[in-house]
Amino acid sequence: MTIILSFNDPYAPHAATVMASIIAHASDKIDFAVLHASLSEEIQTVLTEYFKNQVRSLKFYKIDPSFIAQVSSIQAAPHLLHAEAYLRLFAAAVLPDDVVLHIDCDTIVLGDILPIMQEYDIAKPICACNEYDIHYKSVKRPYLKKCHQAYDTYINVESNAYRQQKRLGIQGDFHYFNSGIMIMNLHKWRETNLTTTILEYINTHPFLHAADQDALNAVLNGNFGVLHPKWNSHVLMCGIVTNYSDEELTEATQHPQIVHFTGSVKPWHYMSSHPYKRQYWKYRKNTPWPKRSFPDRNFVNRIRKHIINPLKRISRYMLGPKYMFRIKQMFERY
């Protein structure tokens, strides 16, 4: 089994943490392939020496600058504006494998990764976890547990999905997956020339908020295999709109196999309050960069974290979101 990671020098400690978490639980040794644009020789040597007895292989593949130039015009969310976010699009061109598992470098793995291949659909170019499936509306649910509810009101979720579908030009029933964890059938990518099709879409749709994730969803238009939500904790934020069963959502909440730290605030940031932050640092200890440090730890953020943010949470709990919105509007006038 080959797992591909894409990162640059500053992200090397976080990629190493992903590797350490995979190795800690894997029932067999793993082949790792690193796709990079400009990873230094020093970092490559450090990683190779540190993990040489823990993995089956660790290979580095530099992506040709001419490939990277084809995605340089994308306008996306600020934390996605770096070349490494798009290198996986060129995996079929540089890797000899027919099937690989791509994992984002802002994740940790909490269980054996090998069973994920049991959910691989050979007929699909990609297998990933649902973020939205319009067919959830036809499923009867007698009641909703807290873990089945979306992070936002369903009116907002639906309106966002509608705008997203129109913006991406997706026809028919709307299905959308999160690309942080994907089983990639590179044989089918080569067979259907999928990379070229995605690049053509990017050239005609330069504004993609979720970067190549948007492009992948637009081009595939629902033609992907669905993985169990336990393989990507991010989709749990979307609740029942993912169209997973109550049992699947409950299992994924109680026993996530891959925790995905989406958004701009990560567990290596001082301001992060993610429930799995400690687990990140637990695995980080088993890397060449075990020292705990927070670049955003300063006086202002200490005040925000320990005084302002707790007061906001208390106010939100006591007053409710409607009143908090009115208070926010009142202060914005002055």
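Residues numbered from 1 in each chain as written. Predicted model: local features only at pLDDT ≥ 70, side-chain atom pairs only at ≥ 80, totals over all residues. Heavy atoms only, no water.

**What about the overall build of the protein?**
In step 1: Scanning the protein from terminus to terminus reveals twelve helices and nine strands.
In step 2: Counting only residues that meet the buried cut, the protein has 48% of its 334 residues in that class.
In step 3: For the protein, the share of sequence-separated contacts (at least 6 apart) that also reach a separation of at least 24 residues comes to 80%.
In step 4: Carbon and sulfur atoms make up 54% of the accessible area of the protein, which totals about 17,000 Å². (Helix = DSSP H or I, 4+ residues; strand = E, 2+ residues; numbered from the N terminus. Buried < 20%, exposed > 50% of the residue type's maximum accessible area, 1.4 Å probe, protein only. Contact = heavy atoms within 4.5 Å. Areas by Shrake-Rupley, 256 points an atom, 1.4 Å probe, with all protein chains shown as cover.)

**Let's talk about the packing of helix α7 (residues 194-204) against helix α8 (residues 212-220)**
In step 1: Taken N-terminus to C-terminus, the directions of α7 and α8 make an angle of 110 degrees; their axes are 9 Å apart at the nearest point. Relative to α8, α7 is oriented roughly perpendicular. Where α7 crosses over α8, the two elements pack in a sense that is right-handed. Taken together, the residues of α8 that come into contact with α7 (itself represented by Leu194, Thr197, Ile198, Tyr201 and Ile202) are Ala215, Leu216, Ala218, Val219 and Leu220.
In step 2: Partitioned by chemical class, the residues of the contact of α7 with α8 number nine nonpolar, one polar and no charged. (Axes fitted to C-alpha atoms, helices over the stretch in contact; angles between N-to-C directions. Parallel < 35°, antiparallel > 145°, perpendicular 65-115°, else oblique. Left-handed = near helix turned anticlockwise from the far one by under 90°. Nonpolar A, V, L, I, M, F, W, Y, C, P; charged D, E, K, R; others polar.)

**Description of the sheet that holds strand β2 (residues 31-36)**
Neighbouring strands of a sheet are bound in pairs by backbone hydrogen bonds; such pairs are parallel or else antiparallel.
In step 1: An order of β3-β2-β1-β4-β7-β6-β8 is seen for the seven strands of this open sheet, with the pairing classed as mixed. Both outer strands of the open sheet, β3 (57-62) and β8 (225-226), are each paired with one neighbouring strand and no more.
In step 2: Inspection of the sheet shows strand β6 (residues 126-133) paired to β8 by two bridges, in the parallel sense. Residue Cys127 lies in a different strand from β8, and its bridge partner there is Gly225.
In step 3: Set on the sheet, helix α1 (residues 12-25) makes contact with β1 (2-6), β2, β3 and β4 (99-103); between it and β1 the angle comes to about 160 degrees. (Pairing = 2+ DSSP bridges.)

**Side note on the nonpolar core**
In step 1: Among the nonpolar cores identified, the biggest contains 86 residues, and Phe32 and Ile113 are the most heavily contacted of them.
In step 2: Counting ten residues, the second-largest nonpolar core is a separate cluster that includes Ile108, Phe261, Met271 and Phe294. (Core = buried A, V, L, I, M, F, W, Y, C linked by side-chain atoms within 4.5 Å.)

**Re helix α2 (residues 41-51)**
In step 1: Looking only at α2, the buried set comprises Ile43, Gln44, Leu47 and Phe51. Viewed along the axis of α2, the buried residues span an arc of 100 degrees, placing them on a single side of the element. Of the exposed residues in α2, the ones pointing more than 90 degrees away from its buried face are Glu41 and Glu42.
In step 2: For α2, the elements touching its buried residues are α1, β2 and β3. (Arc of directions from axis to C-beta.)

**Here's the deal with the confidence of the model for the protein**
In step 1: On average, residues of the protein score 87 in pLDDT, and 88% of them reach the 70 mark or higher.
In step 2: Mean pLDDT per element in the protein: helix α12 (residues 321-332) is the minimum at 55, and α1 is the maximum at 98. (pLDDT = per-residue confidence, 0-100.)

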